[in-house]
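Fold and contact review
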Amino acid sequence: KFFSPSLRDLHDPFLMKDMDKAVERIEKAVKAGEKVMIYGDYDVDGTTAVSLVYKFLSQIGHKNLLFYIPDRYVDGYGISIRSIDHAVRKGVTLVIALDCGIKAVDKVAYANTKGIDVIVCDHHTPGDELPAALAVLNMKRSDCPYPYKDLSGCGVGFKLAQAYTQRYGLPYENLVPLLQLLAMSIASDIVPIRDENRILAYYGIRQLNTQPFVGLSAIMAVAGIEAKKLNINDLVYKIGPRINACGRMQSGRAAVELLLTNDR
């Protein structure tokens, strides 16, 4: 299993506490055409997570989407009151928070008063109190039986996409291109490359070397990475820092726009 990683060895996403609730709420939003805001941190893990979930929801046919990356200097870290007010103005009824939110007890409570459901997908260690979100996906919850505890924030977002695919009988192959985003998050967030992360990173790097998204292809060219020869070190030292720079210098939105674009 270590030397020949197989996608068949990924854990069942429904072992994660609250996954049923999260998948059912997304299906309800898709069917009703609700406006969904995908929210993520401004680093590599957050921006790749937002891009992965945005691409996934787009490919299953949901068009009423927007994303929000907090401004490091205006919003600060994680979910902010300002971002929830923005969601209210835009008519959002569901927020999917990625790589943040596990300690946003007050902010989630505020969103609830505004009629907005929140799904938290986080990998940071929870505090004493969990937010009163519709679903809290975090394998580090004390009551979560999920067997692997070291997923990145983007990894939790991927498990959500995997669960939806499994529940509604969608083609599993549609998930594979998204793994290039997850490989970037695994490398840049320095999570252990063992167990499930090893499988996901292996197939993600294969995608980057064969069919990289347009924006990633452009970054690889700028970074001087030879076609089909990218490895995990290139992600850690050449691509990750360029993505991180957006959120540090101006706005992480630019990183998400780059990762989502189809316009060379």
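Details of the structure are given in the entry above.
Small disclaimer: the values here were computed from a predicted structure and weren't measured.

All right, on to the pairing of strand β1 (residues 36-40) then. Counted residue by residue, β1 has five buried out of five residues, so it is predominantly covered. Side chains V36, I38 and G40 project from β1 onto one buried face, and the interleaved M37 and Y39 project onto a second face that is buried too. In terms of strand pairing, β1 meets strand β2 (residues 65-68) through four bridges, oriented parallel. Each bridged residue has a counterpart across the sheet, and for I38 the counterpart in β2 is F67. A crossover connection joins β1 to the parallel β2 through helix α2 (residues 44-59); in handedness this β-α-β unit is right-handed.

Time to look at the pattern of salt bridges. In the structure shown here, the tally under the stated rule is 13 salt bridges. With a shortest N-O distance of 3.6 Å, D20 and R167 are connected by a salt bridge. Here D20, found in helix α1 (residues 19-32), pairs with R167, found in helix α5 (residues 153-167); they are 147 residues apart in sequence, far enough to count as distant. The class for D20 is partly exposed, based on a relative accessible area of 36%. Here K159 ties to E196 by a salt bridge, and the two come within 2.6 Å at their closest N and O atoms. Of the two residues, K159 sits in helix α5 while E196 sits in helix α7 (residues 195-210), which places them 37 residues apart along the sequence. Since its relative accessible area comes to 0%, K159 is described here as buried. Linked by salt bridges that have partners in common, D18, K21, R141 and D143 make up one network.

With that out of the way, let us pick up the packing of aromatic side chains. Summed over all chains, the structure comprises six aromatic pairs. Ring centres of Y39 and Y68 lie 5.4 Å apart, and the angle between their planes is 5 degrees; on these two criteria the pair is classed as stacked. Here Y39, found in strand β1, pairs with Y68, found in strand β2; they are 29 residues apart in sequence, far enough to count as distant. The class for Y39 is buried, based on a relative accessible area of 1%.

About the criteria used
- Sequence order as written defines residue numbering, which begins from 1 separately in each chain.
- Under the rules for a predicted model, residues below a pLDDT of 70 receive no local features and side-chain atom pairs below 80 are neither given nor counted, while totals for whole chains, interfaces and linings still include all residues.
- As a rule here, side-chain values cover all heavy atoms of the structure and leave hydrogens and water aside.
- Each residue is assigned to one of three classes by its accessible area relative to the maximum for its type, calculated with a 1.4 Å probe on protein chains only: buried under 20%, partly exposed between the two thresholds, exposed over 50%.
- Strands are runs of DSSP state E lasting at least 2 residues, helices are runs of H or I lasting at least 4, and numbering of each runs from the N terminus.
- Whether two strands pair comes down to DSSP finding at least two bridges between them.
- Whether a crossover is right-handed comes down to one check: with the strands pointing away from the viewer, does the path from the first strand over the helix to the second run clockwise; if it does, it is right-handed.
- Think of a salt bridge as a Lys or Arg side-chain nitrogen and an Asp or Glu carboxyl oxygen that are within 4 Å of each other.
- To pair, rings of Phe, Tyr and Trp, with the six-membered ring standing in for Trp, must have centres within 6.5 Å; the planes then decide the type, stacked if under 30 degrees apart, edge-to-face if over 60, and tilted in the middle.

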